[in-house]
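# Per-entry structural report
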Amino acid sequence: MGNTDTKLNFRKAIVQLTSKSQPIDASDDVFWEQFWIEHSTSVQDVFALIPSNEIRKVRDVMPANLATLCYKATERLVRAVDNSCRTQGEQQTVLNCVRLLNRILPYIFEDAQWKDFFWSSLPSGNEKDDNATPLAQSLLNAICDLLFCPDFTVVGLRKSGPEKAEELNSIDSCEYIWEAGVGFAQSPPRNGNMDSRRTELLKLLLTCFSETMYRVPTMSDEPNKWIVHFTSAENRHALPLFTSLLNTVCAYDPVGMGVPYNHLLFTDTLEPLVEVCLQILIVTLDHDITSNSPTQSASYSHDDTTIADNLFINYLSRIHRDDDFHFILKGVTRLLNNPLVQSYLPNSTKRLHCHQELLVFFWKICDYNKKFLYFVLKSSDVLDILVPILYHLNDSRADQSRVGLMHIGVFILLLLSGERNFGVRLNKPYTATVPMDIPVFTGTHADLLITVFHKIIATGHQRLQPLFDCLLTILVNVSPYLKTLSMVASIKLLHLLEAFSTPWFLYSAPSNHHLVFFLLEIFNNIIQYQFDGNSNLVYTIIRKRQVFHALANLPTDAAGIARCMSNRKGGKLNNSSHGSRDGVRSPQNNEVLPSTANAGNESEEEITVRTGQLSLDDRQPSDEEDSRSEIVEESMEGSRPAQPAEPGTLKATLLDTPDITQMTERESAHPTGEATTPSPVEPNAKTPVGDTKGSPSKEQLSPMKRSVAQRGSIRVTPGAGQRSQAKVWQPSPEWVQSWRSKLPLQTIMRLLQVLVPQVEKICIDKGLTDESEILKFLQHGTLVGLLPVPHPILIRKYQANSGTTAWFRTYMWGVIYLRNVDPAIWYDTEVKLFEIQRV
């Protein structure tokens, strides 16, 4: 009954803020203190009792009342700090103020007229005092003090009691770091109530920092004063706060003792704390760019002044001990691999959902601390990061609400692939049992990487097309180091080349041919540097040699180009890849080569080519189709295909993906060697980007046209809404000739010239119908002295640039917006950094 009266009184006080004709006097303490004194109103109740329309009404009709409410709440927090927050009543008052401010702040940020409100001075009673502290600084300082308040948010080191308590204003917070780990060896006792209080205070910090969400993307790189102050030397708690946040995240073990279903029996107060710690970290580590001019060039590096200004970035960049690196890496991999953990009892282990924030955090560490990046790549531990990334990429490929997750995963792999050690580590055998909807194979992590990338391109959402360049760039970077590709991975690579080299697709957009250049570079790297161990790939190239012959003979005359473009209406293009048990007949030489029937089959996918878009449809076959294809790809046990977004799913829009040439710079893999020259063609044209700023168009969401055809055929089926786009781009003979003459086919053509006659002779002499004998011959063969001089290995390293920084900022805040649903802090506010769409 008393609780009902409390809520009623609280509600009446809210109504009075707008109902009175005159602003309520700031000195009327009896009125103002009823918002936070003598009641215990949960955060859910506060959000329910203060509707969004009433906050806006107070803001617009009675702004003085809203200003006074913020002043008074902040003043109450400052007073609690002065009193060291020792009593239970004082602590409850602090929580009430925190919950109230958490509800109100977003509605102040959304109105541009209130932009400078929190940076005005707190009334001090002295009108001549020009050095009064801005309201925002008073609020931030009070929150930081309260995060290290003995017997409130940390366990006191001294005896309890008012006369024995430490003064909060002078406390050494480094003694009260929350968790052992980097820079701190003692692990304080756990207390669930303190975890919850820390969580609420950190949520208010996050709300303060969210001012960024209420700026348009072009203005988002302006300094966020809240974050600037929080991460500056003016915050005396900066070091213990950074250490507490980092250690809390990296020390968290969601499984704990491993007791089945323990997460259903006991409330885990640590998980919400870990999630908000992670969000605070990635937000505070983002704003290094604020010191740079928005008009700077696309490429820049993090300079010393930037790192010095932001203490969080400074501290992160200065971590150097191997023990600390091991602690961070182990913590990140433990949390990233949590969703992949399988057990015999369904739903018996706790599942985390903070993988997106973890990936952003891992990106930030690698970006700011190169020693950490080299530590990760020094051993096979990097594969513990790779596998969960590939799992999430594969699982999210068909869900348009998770396009951002696809981007962050690919960006991290692009960063890692720029280092030689990453390619070398991929040769470790893959023995994990992660449930993924990919073909079963026996091979290495490189095979897993290629198979998942093929699946993304083949069956992913069409908005992923801007990532095709990135996916192939990653494969180019690692290709010189891949020693033994499996037959499944080899077939997938050739399948991609077969799809991307379709003449109509090549001619349908000005940059589509770059994908073929990337794939040819992959083949050349493997042939020239890892020929001995890659008999599967060499054999597949020999089987599919008509693809390379067709590339070398692409029509360059106007009539030939027009004929290719006219094929878009659905004629079956030349494709002899559909395997049978007996063999595959080549249209060039009419010889028979054994098929790779026992290796997994690329022929399951029907390839559908659209203007500027490629989709390889991995659909379920009908009975009739299945009878025509004897080879069926077996998926990994426990796997499930990606599902489209569920109705009602919210997603935040993203900025356009930066062009691959803005994200990378070409470097020699061996800088000490002689100077290298860039390849003839640099993919610098902008790849067409899907509409990422508005709702999907009807054409984008409509189901693709399905052609009933034998699997393995290539079908060209343009969408109705895309025919007009095809008219805009008209390929000219000069344009085709300009890049066709530079296709790097010499190495592959020389390989075919030498090996095809030898393989044919073996087939004829021995009457082979199985590929094992040919593979054995290729394993012991050599092309030393027969191939062109090996080209220098060129690595496209990730290059920091303003485009990806802006993209990360938008993505990061979009994730934070969608993840904070209890309470839904920003749900009904007018954010400007991105749009929220209902899928």
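Quick summary incoming for the structure in this document. (Residues numbered from 1 in each chain as written. Predicted model: local features only at pLDDT ≥ 70, side-chain atom pairs only at ≥ 80, totals over all residues. Heavy atoms only, no water.)

Moving on to the overall build of the protein. Each helix and strand in the protein was counted, giving 36 helices and nine strands. Going through the 839 residues of the protein one by one, you find that 59% of them count as buried. Intrachain contacts of the protein at a sequence separation of at least 6 include 80% that bridge at least 24 residues. Within the structure as shown, the protein displays about 34400 Å² of accessible surface, and the carbon and sulfur contribution to it stands at 51%. (Helix = DSSP H or I, 4+ residues; strand = E, 2+ residues; numbered from the N terminus. Buried < 20%, exposed > 50% of the residue type's maximum accessible area, 1.4 Å probe, protein only. Contact = heavy atoms within 4.5 Å. Areas by Shrake-Rupley, 256 points an atom, 1.4 Å probe, with all protein chains shown as cover.)

Further remarks concern the pattern of salt bridges. Overall, the coordinates contain 30 salt bridges when judged by the stated rule. A salt bridge links K544 to E498; the nearest nitrogen and oxygen atoms lie 3.7 Å apart. Of this pair, K544 sits in the loop between α26 (535-543) and α27 (545-552) while E498 sits in helix α23 (residues 487-500), and the two are 46 residues apart along the sequence. On the basis of relative accessible area, K544 is assigned to the buried category, the value being 1%. Connected through salt bridges with shared partners, the residues R56, R59, D60, E110, D111 and D828 form a single ionic network. (Salt bridge = Lys/Arg side-chain N within 4 Å of Asp/Glu carboxyl O.)

Turning our attention to the nonpolar core. Ranked by size, the top nonpolar core spans 241 residues in total, and within it F35, F118, F209, L413, F523 and L751 carry the most contacts. Ignoring any residue separated from it by four or fewer positions in sequence, one finds F118 in contact with C70, L105, I108, P134, L135, A136, L139 and W226. (Core = buried A, V, L, I, M, F, W, Y, C linked by side-chain atoms within 4.5 Å.)

Those residues of helix α17 (residues 370-378) lying buried are F372, L373, F375, V376 and L377. Where α17 is buried, its residues touch α15 (322-336), α16 (355-368), α18 (382-396), α19 (403-417) and α20 (420-425).

Now for the packing of helix α7 (residues 135-146) against helix α8 (residues 192-209). Two quantities define a packed helix pair, namely the angle between the axes and the distance from one axis to the other. Two elements in contact, α7 and α8, have axes separated by 10 Å at closest approach and are oriented at 155°. Taken as axis vectors, α7 and α8 run roughly antiparallel relative to one another. α8 is crossed by α7, and the crossing has left-handed handedness. Taken together, the residues of α8 that come into contact with α7 (itself represented by L139, L140, I143 and L146) are L201, L204, L205, C208 and F209. Counted by class, the contact of α7 with α8 contains nine nonpolar, no polar and no charged residues. (Axes fitted to C-alpha atoms, helices over the stretch in contact; angles between N-to-C directions. Parallel < 35°, antiparallel > 145°, perpendicular 65-115°, else oblique. Left-handed = near helix turned anticlockwise from the far one by under 90°. Nonpolar A, V, L, I, M, F, W, Y, C, P; charged D, E, K, R; others polar.)

What follows covers the environment of P388. With respect to the helices and strands, the residue P388 is situated in helix α18. On the basis of relative accessibility, which here comes to 0%, the residue P388 falls in the buried class. On a C-alpha basis, the gap between P388 and N338 in space is 8.9 Å, while along the polypeptide they are 50 residues apart. Those residues within four positions of P388 in sequence are excluded, and the remaining contacts are L336, N337, L340 and L383.

The next point concerns the pairing of strand β8 (residues 794-798). The element β8 is largely enclosed, with a buried count of five among its five residues. Side-chain alternation along β8 places L794, R796 and Y798 on one buried face and I795 and K797 on a second face that is also buried. Pairing geometry for strand β6 (residues 664-668) and β8, over five bridges, is antiparallel. Opposite T664, over in β8, you have Y798 as the bridge partner. (Pairing = 2+ DSSP bridges.)

Before going further, it helps to spend a moment on helix α33 (residues 733-740). Among the residues of α33, W735, V736 and W739 are the ones counted as buried. Viewed end-on, α33 has its buried residues packed into an arc of 95°, placing them on one side of the element. Tucked inside the fold, the buried residues of α33 contact α24 (503-507), α25 (513-529) and α28 (558-566). (Arc of directions from axis to C-beta.)

Next up on the list: the side chain of E200. Turning to its location among the elements, E200 is positioned in helix α8. In this structure E200 touches V43, L95, V98 and R99, once residues within four positions along its chain are discounted.

This part is about the packing of aromatic side chains. Summed over the entire model, instances satisfying the criterion amount to 33 aromatic pairs. Ring centres of F109 and Y214 lie 6.2 Å apart, and the angle between their planes is 45°; this geometry places the pair in the tilted category. In this pair, F109 sits in helix α6 (residues 88-109) while Y214 sits in the loop between α8 and α9 (225-230), placing the two residues 105 residues apart along the sequence. Classification of Y214 as buried rests on a relative accessible area of 6%. Three or more aromatic residues joined by ring pairs make a cluster, and in this case those are Y71, F109, W114, F117, F118, W119, Y214 and W226. (Phe/Tyr/Trp six-rings, centres within 6.5 Å; stacked < 30°, edge-to-face > 60°.)

Attention now goes to the packing of helix α12 (residues 270-284) against α16. Contact geometry of α12 with α16 gives a least axis separation of 10 Å together with a crossing angle of 40°. The orientation of α12 with respect to α16, classified from their angle, is oblique. Crossing of α12 against α16: the hand is left-handed. Contacts between α12 and α16 involve L278, Q279, L281 and I282 from the first element and E357, L358, V360, F361 and K364 from the second. Each residue belonging to the contact of α12 with α16 can be placed in one class, and the counts come to six nonpolar, one polar and two charged.

Here N369 is to be found in the loop between α16 and α17. With a relative accessible area of 2%, N369 lands in the buried category. The contact partners of N369, leaving out residues within four places of it in the chain, are L316, S317, R318, I319 and F325. A distance of 2.8 Å separates a polar side-chain atom of N369 from the backbone oxygen of L316. Of the polar contacts made by the side chain of N369, one reaches the backbone oxygen of I319; its length is 2.9 Å. (Polar contact = N/O pair within 3.5 Å; in protein donor to acceptor, adjacent residues only side chain to side chain.)

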